[in-house]
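Residue-level structural notes
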Amino acid sequence: MTKSALITGITGQDGSYLAELLLDKGYEVHGMIRRSSTFSTSRIDHLYRDVHEESNLRLHYGDLTDGQALTNLVLDLEPDEIYNLGAQSHVRVSYDQPVYTLNTVGLGALCVLEAARLLNQRKPVRVYQASSSEMFGAVLETPQKESTPFNPQSPYACAKVYAYHQTVNYRLGYDLFASNGILFNHESERRGETFVTRKITRAAGRIKLGLQKKLYMGNLDAKRDWGYAKEYVEGMWRILQHSEPDDFVLATGRTATVRDFCDLVFKQLDLNYEDYVEIDPKYFRPAEVDLLLGDPSKAKEKLNWEASTTLEELAKVMTEHDLELAERDAHATKFHRTQAD
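Presented here is a report on the structure given in the accompanying data block. All residue numbers here refer to positions counted from 1 along the written sequence of the relevant chain. In keeping with the model being predicted, local features are shown solely for residues with a pLDDT of at least 70 and side-chain atom pairs are shown and tallied solely at 80 or more, while totals for entire chains, interfaces and linings include all residues. To obtain the side-chain values, all non-hydrogen atoms of the structure were included, while hydrogens and water were left out.

Only DSSP runs of H or I covering at least 4 residues are called helices, and only runs of E covering at least 2 are called strands; the numbering of each starts at the N terminus. Given a helix with a known number of residues, its expected span is that number minus one, times 1.5 Å. Taking 1.5 Å of rise per residue, 13 residues should cover 18 Å, and helix H8 (residues 229–241) covers 19 Å from first to last C-alpha, within 8% of that figure. In this scheme, a residue with accessible area under 20% of its type's maximum is buried, one over 50% is exposed, and one in between is partly exposed, where area comes from a 1.4 Å probe on protein chains only. Counted residue by residue, H8 has ten buried out of 13 residues, so it is predominantly covered. Within H8, burial applies to Ala229, Glu231, Tyr232, Val233, Glu234, Gly235, Met236, Trp237, Ile239 and Leu240.

Let us now look at the pattern of salt bridges. Between Lys or Arg on one side and Asp or Glu on the other, a salt bridge is scored when a side-chain nitrogen of the former is within 4 Å of a carboxyl oxygen of the latter. If you walk through the whole model with that rule in mind, you get 24 salt bridges. For Lys316, the salt bridge is made with Glu320, and the minimal N-O distance between the two is 2.6 Å. Of this pair, Lys316 and Glu320 both sit in helix H11 (residues 311–340), separated by four residues, roughly a single helical turn. A relative accessible area of 39% places Lys316 in the partly exposed class.

For the rest of this paragraph, the subject is helix H1 (residues 13–24). Counted at 1.5 Å a residue, the expected span for H1 with its twelve residues is 16 Å, and the 17 Å between its end C-alpha atoms agrees. Of all the twelve residues making up H1, eleven are buried; the element is thus mostly covered by neighbouring parts of the structure. Just downstream of H1, Gly26 is the residue with a positive phi angle, here 90°.

Below, the discussion takes up the packing of helix H5 (residues 98–120) against helix H6 (residues 155–174). Only the stretch in contact is used when fitting a helix axis, every axis being a line fitted to C-alpha atoms; angles between N-to-C directions are given from 0 to 180 degrees. Packing of H5 against H6 leaves a shortest axis separation of 8 Å and a crossing angle of 15°. Comparing the axis directions of H5 and H6 gives the class roughly parallel. Considering how the two elements wind past one another, H5 and H6 form a crossing that is right-handed. On the side of H5, the interface is formed by Pro98, Thr101, Leu102, Val105, Gly106, Leu107, Ala109, Leu110, Leu113, Glu114 and Arg117, while H6 contributes Pro155, Tyr156, Ala159, Lys160, Tyr162, Ala163, Gln166, Thr167, Tyr170 and Tyr174. Only Asp, Glu, Lys and Arg are considered charged, only Ala, Val, Leu, Ile, Met, Phe, Trp, Tyr, Cys and Pro nonpolar, and every remaining residue, Gly among them, polar. Here the residues of the contact of H5 with H6 sort into 14 nonpolar, four polar and three charged. The labels follow the angle: roughly parallel below 35 degrees, roughly antiparallel above 145, roughly perpendicular from 65 to 115, and oblique for the rest. When the near helix sits turned anticlockwise from the far one by under a right angle, the crossing is termed left-handed; a clockwise turn instead gives a right-handed crossing. The contact rule is simple, with two residues in contact once any of their heavy atoms fall within 4.5 Å.

Shown next, in the form of structure tokens:
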């Protein structure tokens, strides 16, 4: 019998990779997207075109802040698995929009859990909650594992902690198969351009081709545990295939600074990042998180999951992709200038 899954945040980096994975595994995939006057499905357009005739992928309008509509959708679709990946996921933006961040990240997760609870009265459903290494914040131990106390340092992280505990509460209080994946930083060529790794690779390609002169950054000494998003969605799926609901850290177990990543990317293009990167105080967080380093040993032992892509390989993939985008930008700029002449 074909399994079905509902993914919130399907148009994001993780959602698009997860949709690919589930479709390859023969799932019927449903994605929830927000209604907009412009299309925001670029990351999954290839999937929708490829499988539209077979109806393996279907998109539905909805919003994590509209609990009743979300419940109606879940009860109508009756998915076997729900992956809650939707959120206002930018840490710096959460300082400017703390209430909206709590509504989407925290209360949105609660709405998903409540909808799943109601469905669970009809048929079994499994829920994956996208938790974050940002919950560890100003870390109380290194490396961070499932038992490490949370010490959040941003509105986003506080909202994620709320969602985490509600997930545990629904697991214990309502006997719902609800699991948290505590994912450390995971990047790809599909990462949003305002996130630090993609900001770096995008700028480096443009600088290489003369489309941009400088890259303005915040804290270059922040240390992060960076992996490849495409591998991490496999971990999400394995979490829901586990024999019992539980919480798992997904990480590489290695850390590097933002400065290290800059160096790797610019070297790919035969450039010295020090010639182009400048510090702008506006990009510093009000409360900085200096070090995140995950311990993925539980996931390796119980899920047989581990990250395999190195930071050097990840930087290469992202840099090559964004250099190609920069080449297109350069070609378009040249074309428009020619037309203007």
